[in-house]
Amino acid sequence: MSTVEPPPESEARDYGAREMARWVWTQLTSMRTALVLLFLVALAAIPGSLIPQRSASLLRVRDFRAAHPTLDRIYTPLGLYDVYRSPWFSAIYLLLFVSLIGCILPRIAVYARGVRKPPPRVPRRLDRLGEYASGVVDGDGEDALDKADEWLRSKHFRVVRSDDGISAERGYLRELGNLLFHLALIFVLIGVAVSQLMGFKGTSVIVEGQGFSNNITQYDDFKAGGWVDTDRLKPFTVKLNTFTVRFETGEVQRGAAREFTADVALTVDGATTNQVLQVNHPLNVGGTLVHLLGHGYAAHVTVTDGSGQVAYSGPAVTVPQDGNFSSLTVIKVPDARPDRLVFQGYFLPTAVVDEQGPRSIFPDALNPQLFLTAWYGAPVVSTGVPENLYTFNPEGLTQVMNGDQPVRFALKPGETVDLPDGRGSLTFDGYSRWTKLQISSTPGLPLTMGGVAVAVLGLCLSLFVRPRRLWIRTIERPDGSLGLEAAGLDRADARTGLSDDVADLVAAAGVRAEPTSEETP
Amino acid sequence: MTVEQLSALGIVTAAVLYLLAFMAHSAEWAAARGLSPTADDPGAKARSASVETWGRLGLNLTILGALAHGTGVVARGIAAQRAPWGNMYEFVTASLLFVVVAYLVLAIWFGKRWLGLPTTLLLSVGNGLAATVLHVAVAPLVPALHSVWFIIHIVAACISAAAFNVGAAASIIYLLKARAESKGASSGYLARLPGLRELDTFAYRAHAFAFPIWTFTVAAGSIWAEFAWGRYWGWDPKETWAFVTWVVYAAYLHARATAGWRGRGAAWIAVVGVATFWFNFVGINLLVSGLHSYAGI
């Protein structure tokens, strides 16, 4: 019994799938797709510049969401507060890189084959090429070709002589530059990925006289890639001796910063050195960088509680709210008894009180004052749950009143206020400055920056190198005399000087070019 | 008169001279209206001569404007005792100085005087706005700008800005001429311009020159950001739009190698590119707050 078996179904499906895959690949790696993806990535980047981004400021995102609840309903599901980490943005740039790789790999193969090939043979009809010149040879034809050969080599052409004449080509670096540029972009991306996985970044606020040890527990906030062993950070200590800040006092740009200088003592491997830390001049501790990111004021206060004990003494970091450093101040005194105390208000470096209320009118500390209200509550057991030191939460607290008015007080350095009902007192001892340091490691940076450098180099080669082919050979002219003809072809768009090169080549061979009978278009 | 006042006078004078130059170039285009480039009757010849006279007048006024402009920028640097591009006023005047120098080199030595109309428009509006709206008195720099990259990053930005703007002017003229030719043979000033292919080639060269420098500008900014802010890229609005501009010009270069996008398609992309550049400079500085905000504006 012989039956004709139908072709296995799976094979047919495979064939279809393979065709499909090939079709998708061809589409994806076409220049047209690359163009579309480039437009898409440009468009996709735009919303992140107009909508507040979590990566830049959580606070502004929170304010925006509160102010625009309708927009928020659209923005949140689309990930528009985190554009550059959203799936759709990643999808576009990853597709772009797939398209780039698909485009570049075959071209590398073509280039590798082509770069070793000799220049193409002399075409049969040189006069049909764009640029053409011919003339009479006075002496020996071979001599003329020798001279042409010499001229071509002096112009860095790759030269091949055959019985047909001379073929010459130059500008191989153009495509090399093009390939280098695109490959370098891949390395830029790899560098970014390395930094993401193996790098870390954190900040710490340090008051003058205090220090920071590079230990995960000492960071105020800390972000690290998945491959970072956070128990093995480079050990070092930075102590902030003094922080000098100078502001513009003249008419123009009054209050603008003019100088930030942190004098720090850096201890690495047991050796301590004094260092100057400034904006644009980070400390480099064996690859871990310490940047000066911000500054503010710390109010020094002493709080005596209702039982007459000193319950708090020291600096309280205040958080600047505007360019003149009106600074939100929260002083928590959990150890005060019989009730714990919390003071809330503002530290104003240059205080004035006018119709807008108390505020600071200059960023330097010319008239420092503390404006506070007081709160009390039953002592709470420390739960170990981290609590934000800089925000005020009135839960479980009662405001200290004087009759039916909340107690408010303004203090200058050295002044003390006694709370009513014997709840305690607060003395404003003075102020010092704090700096916010960023401690970071970006191990992919050399790869990224190296990639960028190679990309720029490749770009220059691919845009400025002029690939050109020239041919020259001896001919027998219609009148029987010995002649010479030369022609050239440009292999890149928008290049000039081809006609000059052809004319120079003929001239170098010792022949004066005759005017061509018809002008080339 | 202080050096600072001399500087302000230089910029105002330049704005006025550029405006006059723009009017001369407008007259140049107007004089060529309806004039066939091949006509050689005496009337047409006289009108041709008049076109030429207006054009030369425009160029000469631009040269005078450039001298006043250069004085203004240099005097500003002397008055401030630093590179004169620390705020928006200074950056506009300094970058336009690069534009006028690029234009004059092209017009005088490479026969590109046809760029005169759009260039003098840009110069007069730019310097005019700088002198009236953006002007601020001389002041020292904020600490974030105390860096050698302040010179490198911004000079590179100025050079690429000049080339992008010159390229955009050529692309716009290309589009005008292409539109006129699609309706029949172009006449008037458009007919006196180089052919479409030559315009396209020139625009390409300007962009091809600018693109690597722009790439370098962004890279230099990124290195500076690593020193100043401890991160080389943070999608700050200014960075985002620099990236958008970069991508659009990358698309321009790809478009010139893609069938169906050469010529008009590419020219439109160049116009979009320069628009993103200007939005980054004007829109982002004035509308959006970011790390690139210094000294008010």
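Please read all numbers here as calculations on a predicted model, not as lab measurements.

Asks: Explanation requested: the confidence of the model for chain A in the structure shown.
Replies: Caution applies to low-pLDDT parts of the model: their predicted coordinates are not meant to be read in detail. Residue and element names in this part refer to chain A. When the pLDDT values of chain A are averaged, the result is 89; 94% of them are 70 or greater. Contacts of residues 1-8 to residues separated by more than four positions or lying in other chains number one contact, the stretch itself having pLDDT below 50. Within the model, the stretch residues 517-521 combines pLDDT values under 50 with two contacts to residues more than four positions away or in other chains.

Asks: When you look at the sheet that holds strand 9 (residues 271-278) of chain A in this model, what are you seeing that I'm missing?
Replies: Pairing between the strands of a sheet is mediated by backbone hydrogen bonds and can be parallel or antiparallel. All names here are of chain A. If you trace the four strands from one edge of the open sheet to the other, you get 5-7-8-9, paired in antiparallel fashion. Every other strand in the sheet has two partners, leaving strand 5 (211-213) and strand 9 as the edge strands with one partner each. Put simply, the sheet's adjacent strands are angled 25 degrees from each other on average, direction ignored.

Asks: Sorry if this is basic, but what is going on with the nonpolar core here?
Replies: The nonpolar side chains of soluble globular proteins are, as a tendency, buried together. Core analysis: the largest hydrophobic core is formed by 103 residues, its most contacted members being Leu38 of chain A together with Ala163, Val166, Ala170, Ala203, Val247 and Ala251 of chain B. Broken down by element, the residue count for this core peaks at 15 residues, all from helix 5 (residues 149-182) of chain B. If we skip the residues at most four places from it in the chain, leucine 38 of chain A touches Leu96 of chain A together with Val247, Ala250, Ala251 and His254 of chain B. One finds Ile206, Val303, Val333 and Leu419 of chain A within the second-largest nonpolar core, a separate group that totals 56 residues.

Asks: Even after reading the chapter, I still don't get the interface of chain B and chain A, so can you show me in this structure?
Replies: By convention, interface size is frequently given as the accessible area that disappears when the constituent parts associate. Every contact between the two is made by 42 residues of chain B and, on the other side, 43 residues of chain A. At the level of elements, helix 7 (196-229) and helix 8 (237-255) of chain B are the ones that each hand at least two residues to the side of chain B that touches chain A. Taken together, the residues that form the side of chain B that touches chain A break down as 31 nonpolar, eight polar and three charged.

Asks: Explain the sheet that holds strand 2 (residues 158-162) of chain A here, please?
Replies: Residues and elements named next belong to chain A. One open sheet holds the five strands; their spatial order is 1-26-25-3-2, and the pairing between them is antiparallel. Looking at strand neighbours, the two that pair on one side only are strand 1 (131-136) and strand 2, the edges of this open sheet. The sheet shows a mean angle of 15 degrees between the axes of neighbouring strands, taken without regard to direction. Pairing analysis gives nine bridges linking strand 25 (residues 468-476) to strand 26 (residues 482-490), with the strands arranged antiparallel.

Asks: So what exactly am I meant to see when it comes to the packing of helix 5 of chain B against helix 7 of chain B here?
Replies: A pair of packed helices can be characterised by two numbers: the angle between their axes and the separation between those axes. Residues and elements named next belong to chain B. Contact geometry of helix 5 with helix 7 gives a least axis separation of 7 Å together with a crossing angle of 155 degrees. It follows that helix 5 is roughly antiparallel to helix 7 by the angle criterion. Once helix 5 is placed against helix 7, the crossing between them reads as left-handed. Residues that form the contact of helix 5 with helix 7 fall into these classes: 25 nonpolar, seven polar and three charged.

Asks: What am I meant to see in the domain arrangement of chain B here?
Replies: Residue and element names in this part refer to chain B. In terms of domains, chain B is made up of domain 1 (1-140) and domain 2 (141-297). For domain 1 versus domain 2, the distance between C-alpha centres works out to 20 Å. Contacts between domain 1 and domain 2 engage 30 residues on the former and 26 residues on the latter. Elements that contribute at least two residues to the side of domain 1 that touches domain 2 include exactly helix 1 (3-31), helix 3 (88-109) and helix 4 (116-134). In terms of residue count, the dominant contributor to the side of domain 1 that touches domain 2 is helix 3 (eight residues).

Asks: Explain unusual backbone geometry here, please?
Replies: With the exception of glycine, the majority of residues adopt a negative phi angle, and the majority of peptide bonds are in the trans configuration. For the bond running from arginine 337 of chain A to proline 338 of chain A, omega is 10 degrees, close enough to zero to count as cis. Secondary-structure assignment places proline 338 of chain A in the loop between strand 14 (327-333) and strand 15 (340-348). The residue asparagine 280 of chain A is not glycine, and still its phi comes out positive at about 75 degrees. The residue asparagine 280 of chain A is located in the loop between strand 9 and strand 10 (283-285) in this model. Phi at tryptophan 235 of chain B is positive, roughly 50 degrees, even though this residue is not glycine. Along the polypeptide, tryptophan 235 of chain B turns up in the loop between helix 7 and helix 8.

Asks: Is there a simple way to explain the domain arrangement of chain A in this structure?
Replies: Residues and elements named next belong to chain A. Under the domain assignment, chain A is made up of domain 1 (9-112), domain 2 (126-171 + 467-508), domain 3 (197-295 + 438-454) and domain 4 (297-378 + 390-430). Relative to domain 4, the C-alpha centre of domain 3 lies at a distance of 30 Å. Split by residue class, the side of domain 3 that touches domain 4 holds three nonpolar, one polar and no charged.

Asks: Would you explain the pairing of strand 26 of chain A in this entry?
Replies: Remember that side chains alternate between the two faces of the sheet whenever the strand is regular. Residues and elements named next belong to chain A. Where strand 1 meets strand 26, six bridges bridge the pair, whose relative direction is antiparallel. For alanine 133, the partnering residue across the bridge sits in strand 26 and is alanine 486. Hairpin connection from strand 25 to strand 26: five residues lie between these consecutive antiparallel strands, with glycine 480 at a positive phi of about 90 degrees.

Asks: Where do I start with helix 5 (residues 69-78) of chain A in this structure?
Replies: Three- or four-residue spacings in an α-helix give side chains the same orientation, since the helix completes a turn every 3.6 residues. In terms of residue burial, helix 5 of chain A counts as a barely covered element, since only zero of its 10 residues are buried. The positive-phi residue at the C-terminal boundary of helix 5 of chain A is glycine 79 of chain A, with phi of around 70 degrees.

Asks: Quick question: what am I supposed to make of the packing of helix 2 (residues 31-45) of chain A against helix 6 (residues 87-116) of chain A here?
Replies: Residues and elements named next belong to chain A. Taken N-terminus to C-terminus, the directions of helix 2 and helix 6 make an angle of 150 degrees; their axes are 10 Å apart at the nearest point. By the angle between their directions, the pair helix 2 and helix 6 is classed as roughly antiparallel. For the pair helix 2 and helix 6, the sense of crossing is left-handed. Between helix 2 and helix 6, the contacting residues are Thr33, Ala34, Leu37, Leu38, Leu40, Val41 and Ala44 on the first element and Trp88, Phe89, Ile92, Tyr93, Leu95, Leu96, Ser99 and Cys103 on the second. Here the residues of the contact of helix 2 with helix 6 are counted per class, giving 13 nonpolar, two polar and no charged.

Asks: I keep staring at the pairing of strand 7 (residues 236-247) of chain A and nothing clicks. Help me out?
Replies: All names here are of chain A. For strand 5 and strand 7, the ladder comprises three bridges, and the chain directions are antiparallel. The partner of phenylalanine 212 across the bridge, within strand 7, is valine 238. In terms of strand pairing, strand 7 meets strand 8 (residues 257-268) through 11 bridges, oriented antiparallel. Residue pairing across strands places threonine 244 opposite threonine 261, the latter belonging to strand 8.

Calculation rules
Residues numbered from 1 in each chain as written. Chains lettered and ligands numbered in written order. Predicted model: local features only at pLDDT ≥ 70, side-chain atom pairs only at ≥ 80, totals over all residues. pLDDT = per-residue confidence, 0-100. Contact = placed C-beta atoms within 7 Å. Pairing = 2+ DSSP bridges. Helix = DSSP H or I, 4+ residues; strand = E, 2+ residues; numbered from the N terminus. Axes fitted to C-alpha atoms, helices over the stretch in contact; angles between N-to-C directions. Core = buried A, V, L, I, M, F, W, Y, C linked by C-beta atoms within 7 Å. Buried ≥ 20, exposed ≤ 12 C-beta atoms within 10 Å, placed from the backbone. Nonpolar A, V, L, I, M, F, W, Y, C, P; charged D, E, K, R; others polar. Parallel < 35°, antiparallel > 145°, perpendicular 65-115°, else oblique. Left-handed = near helix turned anticlockwise from the far one by under 90°. Domains from an automatic or database assignment.

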